[in-house]
Amino acid sequence: MSFLELSGVAKSYGPVTALAGVDLAVESGSRTAIVGPSGCGKTTLLRLIAGFEAPDRGRITLDGKVLANGGAAVPAHRRGIGVVAQDGALFPHLSIADNIGFGMARSEDRRNERIVELAYIVGLDKAVLKRRPHELSGGQQQRVALARAMAMKPRLMLLDEPFSALDTGLRASMRKAVAELLEEAGITTILVTHDQAEALSFASQVAVMRDGLFSQVGTPRELYFQPRDRMVAEFLGDAIILPAKIADGFAMSPLGRIAVDTKERRDVARIMLRPEQILLKRTSREGMSGTPDMLFGEVTDCEFAGSVCTVAVRLLNSPDPPDAAAIGNTPLILRKTGMDAPAVGEIVRLTVTGKAHVFA
Amino acid sequence: MFGDRLVDDSRLRFDPPEWHIAPLPPAGGGDPAACLMQSTIDMTPARLPAARMKERRPTSWITLAAALISLVALLPLAFIVWVAIQTGWDTVAALIFRARVGELLVNTVLLVLVTVPIAIVLSVALAWLTERSDLPGNRWWSWLSVAPLAIPAFVHSYAWISLVPGLHGLWAGVLVSVIAYFPFLYLPIAAALRRLDPALEDAAAALGLGPWRVFARVVLPQLRLAICGGSLLVGLHLLAEYGLYVFIRFDTFTTAIVDQFQSTFNGPAANMLAAVLVVCCLFLLALEVMIRGEERYARVGSGAARKQQRARLGRATLPCLLLPAGVALLSLGVPFVTVSRWLLAGGTEVWRWDEISLALGQTLFLAIAGAVLATLAAMPMAWISIRAPGPLQRLLESCNYIVGALPGVVTALALVTITVRVALPLYQTLFTILFGYALMFLPRALVSLRASIAQAPVELERAASSLGRSPVKALWSTTVRLSAPGAAAGMAMVALGITNELTATQMLAPNGTRTLAMAFWSYSGEIDYASAAPYALIMVAMSLPMTWWLYIQSKRMAGR
Amino acid sequence: MKIALSTLAGAALALGLIAGPAIAEDQGIIVYNAQHESLAKEWAKGFTKETGIKVTLRNGGDSDFSNQIVAEGAASPADVFLTENSPAMALVEAAGLFAPVDAETLAQVPQEYQPSTGKWVGVAARSTVFAYNKDKLKADQLPKSLLDLADPSWKGRWAASPSGADFQAIVSALLELKGEAATADWLKAMKENFTAYKGNSTVMKAVNAGEIDGGVIYHYYYFGDQAKTGENSRNVALHYFKNQDPGAFVSISGGGVLASSKHPKEAQAFLKWVTGKGGQDVLKTGTSYEYAVGKDAQSNPKLVPLADLQAPKVDPARLNSKKVIELMTQAGLL
């Protein structure tokens, strides 16, 4: 039995269905990310686990204990689940020290030592303890919120888009620091986010959510390279989706013969490649001749953006694929390093590495 | 972070007028760098020395005007000090340190100490029920909790005394005061409750606090500002009210000052009572500043707050309904029943239309003229308090608030004496009474104006300047125009105050003046309650729209 | 909503603009009126009807007006001063602010109802009474003298309106008749014994409701209420002290013309009219129930005749309101 189990959890607000019956299992000590576009129901799910609201149907158990079953629910303050909200939700009327110590009993001995210790753990300077929340930067506020939640030694920590208010650079470093910290403390963590990169890098298990249901649950790699459907594929990153004919572990596609991750045989199928699987090599029109099994393209656009360069490539000699009209002359959009990017009008040779994923 | 803030502020921007030229594509939505760059460009002209010189000029005129008005506002206070010095210490001591002053002090202090806490508890309970619970009809109850403001305090008292003729003393005073003034606490508390970020309550619950402790440790502390402000307002009204306590025979400083005034006109005894009363007011003001502290209770962080959940009352619904229903019955039902009863008893005979229409017209005239004057006087101070704040400005501004906090009887007494002794041509003139109103109600106008000027970004003024308007014209075409709704709001508040003003009006009014409040007071003084009833009804009818507007405004300020 | 609101504001403004200037328009003679508003209004109406001279009333109390007139001095806007009691008149007279009253006017009023100086004249009179609740007090339990109310046995049982000039006039008579020390003692005892109300009507109302056994007021409040609905006097009876007791004091309401008046002729005419047949008839037939003081004037037949009251002899010119306020302030009554 898993540490946290949700089965058939459903919640509606009037006519709006927020959750349509969700199942999820979270192992002890693991990190799970729930990712989905805004309004998909992920925050509602988090609120149900935290106990801020009760589900209409379904069961939530934590470590074998039933937290919610149908309408009956253990209230939030008896669950011992830590929550870090989107913007920290620090108490504006209390100092940082009192914010961190909020969940501790006032009489708890070593209260002050523990507050200092927690501040240290989350990387806060001791000097900020006397300040008020509004005097802190966004990143510091998040650290306080984390320390406050950790103070009550929760078995489960819920993070509700805690990094979304931070700058891009700070976001990545905070994410890594928090992940390591919770790992060390052995706290099971669930992160809710709409940022797919955050979900993939943070978690050991990712659940993609849409319209109140999980589209797919699995490891980050599984989800990225073997998404169940087009929506999951595109949600987690750029995807090149092509019509193909598959047989014997290979696909015949507009990009030629590509290895796929299935042995089955199908005349009409769709395959997915991540753009980074396609390599470009500079050549010239002269270089194209006499190499019929190779694939060439012309660069029609190139947008330089510093480290990355977005390149549009129109295929010049696509082997005749099934329903080729579907892609026609639509150029492939690829991202390459900014250094040594091809210029518009240049001819490039395309090669595919790794296997393409076949949608069921 | 910085970028986020800028994006946040953009919500305050106004819809652009219809463009006839194709607009430029939006500059990258939430791209922080783009916003940062734009704002850098915007600010460059202001750094040029020539531009700054031009900007300074209206500022200095306005500062001068604001300083002048603030100093003039100090007249009543200066007068009290002057009288004390003139009277000589021995007489002052004899007039202040006597048993009667002690009695009045005990009465007044007890009244404030008992009334304010009861009003706080009642208002918090009502605000919570109407804003945070699923009480049936909570919008109605919310309005009914504000509506008692439309009834002048002395009409409340009149209603109660006709219903329970023997009502008198401290507890009667507390009862009627709570009923008449609790909306001053309810309004800010309800608004604060609406604004509270529910995420904080969730966070506290997740940290292991039960609902009651969440309320005590998270919700209540965040209501502190609202409670402080509301309590101050109630406290000052308790100190200043006259009519209410006369009906129920409870002597406070204000009633005693009026008694002395009626016995000796502007004798030193009245002025020394006024001095003690002023000290009480200043004490309350200082106390509020101390308790409030320099706190910030706004939401930390960005993004919109989640919509609050309402607590389910379940089986407690019925008992909970009893509270707002009971309060509505006492605060609205009693005056309604009494006034109706007297109107029925009086029949058509009490509707002396010639008298009533004259009083109505005069009241309206005084209210409108006073409101315009107070708003004009508040404009310079409001402008510099937003555009050029500083220590001197804060000092000047606080002068206005202190004088506004003084009871009308004190201001009126000072003006009567000053005009009689020094400026006789102004004695008993329209000018003096309007001047008195302006002093008394300036803070009302100031608060509304400030809020609305704060909403008009200075960039607009600069943009207007850059489009070729002179500074004053730029000010007129942007800030003044945009703050017009706030100015109107302030005027309405002042007009409401003047409509229901009694003591200062009686002391300052030019010969032949008879306002609604004066007529009401004169009839009820002769126990002709039936003849007083139409005036009570008209005052309530005039106040209702303004109270409604206040209610709507408080909802809007809270963003819901 | 927006349109409705601006329409309303517009209408309000218009009404204000029409009525507002009424404050500033020609006001005829200005009367500082400390008498009951209803009585003064009838006088003003009758006078204007007969002479065409407009009268503007400013309503207030004896004491505040007398002090106010003194403070205003020569610049007072008032032409005529009407009071309910004599002390306020004496105060203004002492400040030398009254013009002599026309001889014709003085001749209309008996000597005993005007001061020897002829600076003002009596316009009406009222008698002190002890109004009591018939269910609470029997005839033999009534006080024999006003001074009896200082007795501890009366603690918490009687009421008065000490801030009003009416009661202050009664105290001034006591001061004139019994001297300063006795008055101060009596006031001290009063502070212990009595319950304060604002206004004599309120005192009578409380007596009627049985909140208190009795109160020291003037007689006409009772008759006025009886003539209306009797709602506030149903259980009330009046006790006249008589016997030249200070409590039998008859207070003279005065009228005078200010020396600074800008309309002396009209002001004198007004005073003449009030003390003449027209004005005194208002007292007889109107709802004021105050005693008429004109030479041949009749009071309302419902009243106990003035001659039967056995009032103490007090020269109205000698009543000292300043001293009374001082003593009452010392006693903690003000």
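Parameters at a glance
Residues numbered from 1 in each chain as written. Chains lettered and ligands numbered in written order. Predicted model: local features only at pLDDT ≥ 70, side-chain atom pairs only at ≥ 80, totals over all residues. Helix = DSSP H or I, 4+ residues; strand = E, 2+ residues; numbered from the N terminus. Buried ≥ 20, exposed ≤ 12 C-beta atoms within 10 Å, placed from the backbone. Contact = placed C-beta atoms within 7 Å. Axes fitted to C-alpha atoms, helices over the stretch in contact; angles between N-to-C directions. Parallel < 35°, antiparallel > 145°, perpendicular 65-115°, else oblique. Left-handed = near helix turned anticlockwise from the far one by under 90°. Nonpolar A, V, L, I, M, F, W, Y, C, P; charged D, E, K, R; others polar. Domains from an automatic or database assignment. Pairing = 2+ DSSP bridges.

### Details of the overall build of chain A
Within chain A, the secondary structure is distributed over 9 helices and 21 strands. Its C-alpha atoms give chain A principal-axis dimensions of roughly 85 × 45 × 35 Å. Within chain A, buried positions represent 41% of all 360 residues. Long-range contacts, defined here as pairs at least 24 residues apart, represent 66% of the contacts in chain A between residues at least 6 apart.

### Here's the deal with the packing of helix α19 (residues 391-405) of chain B against helix α21 (residues 430-455) of chain B
All names here are of chain B. Axis separation between α19 and α21 bottoms out at 7 Å; the angle between their running directions is 125°. In this view, α19 runs oblique relative to α21, as classed from their interaxial angle. Taken as a pair, α19 and α21 cross one another with a handedness that is left-handed. Packed against α19, whose contacting residues are Asn400, Tyr401, Val403 and Gly404, the element α21 presents Leu439, Met440, Phe441, Leu442, Pro443 and Leu446 at the interface. Taken together, the residues of the contact of α19 with α21 sort by class into 8 nonpolar, 2 polar and no charged.

### Things to note about the interface of chain C and chain B
On the side of chain B, 36 residues touch chain C, which itself brings 41 residues to the contact. The element that contributes the greatest number of residues to the side of chain C that touches chain B is helix α1 (residues 2-19) of chain C, accounting for 7 residues. Its residues assigned to classes, the side of chain C that touches chain B shows 18 nonpolar, 16 polar and 7 charged.

### Considering the interface of chain B and chain A
Taken together, the 24 residues of chain B in the interface contact 28 residues of chain A. Put simply, the parts of the chain that give the side of chain B that touches chain A at least two residues each are α11 (198-206) and α12 (211-222) of chain B. In terms of residues, the side of chain B that touches chain A owes the most to one element, α11 of chain B, which gives 6 residues. Looking at the side of chain B that touches chain A residue by residue, the classes come out as 13 nonpolar, 6 polar and 5 charged.

### So, the domain arrangement of chain C
It is common to report an interface's size as the accessible area lost on association of the parts. All names here are of chain C. Taken domain by domain, chain C holds domain 1 (28-124 + 251-304) and domain 2 (126-249 + 321-330). A C-alpha centroid distance of 25 Å is found between domain 1 and domain 2. Among the elements of the structure, α3 (62-72), α4 (86-94) and β10 (250-258) are those that each provide at least two residues to the side of domain 1 that touches domain 2. Here the side of domain 1 that touches domain 2 gets 5 residues from one element, more than from any other, and that element is α4. When its residues are assigned to classes, the side of domain 1 that touches domain 2 shows 9 nonpolar, 9 polar and 4 charged.

### Some points on the pairing of strand β3 (residues 31-35) of chain A
All names here are of chain A. With 5 of its 5 residues buried, β3 lies for the most part within the structure. Covered by surrounding structure in β3 are Arg31, Ala33 and Val35 together with Thr32 and Ile34, the residues of both alternating faces. In this sheet, strand β9 (residues 188-193) lies alongside β3 in parallel orientation, the contact comprising 5 bridges. Looking across to β9, one finds that Ile34 is bridged to Val192.

### Describing the sheet that holds strand β15 (residues 266-273) of chain A
All names here are of chain A. With antiparallel pairing, the 5 strands of this open sheet are ordered in space as β14-β13-β12-β15-β21. Single-partner strands in this sheet number two, and they are β14 (256-259) and β21 (357-358). Note that strand β13 (residues 250-253) and β14 share 4 bridges and pair antiparallel. Bridge pairing in β14 links Ser253 to Gly256.

### Side note on the sheet that holds strand β11 (residues 213-218) of chain A
Residues and elements named next belong to chain A. Spatially, the 6 strands line up as an open sheet ordered β7-β8-β9-β3-β10-β11, and their pairing is mixed. With partners counted over all chains shown, the strands left at the sheet margins are β7 (81-84) and β11, one partner each. Here the strands of the sheet are splayed against their neighbours by 15° on average, with no regard to which way each runs. Strands in contact with helix α4 (residues 138-150) are β7 and β8 (156-160); relative to β7, the strand with the most contacts, it is inclined by about 170°.

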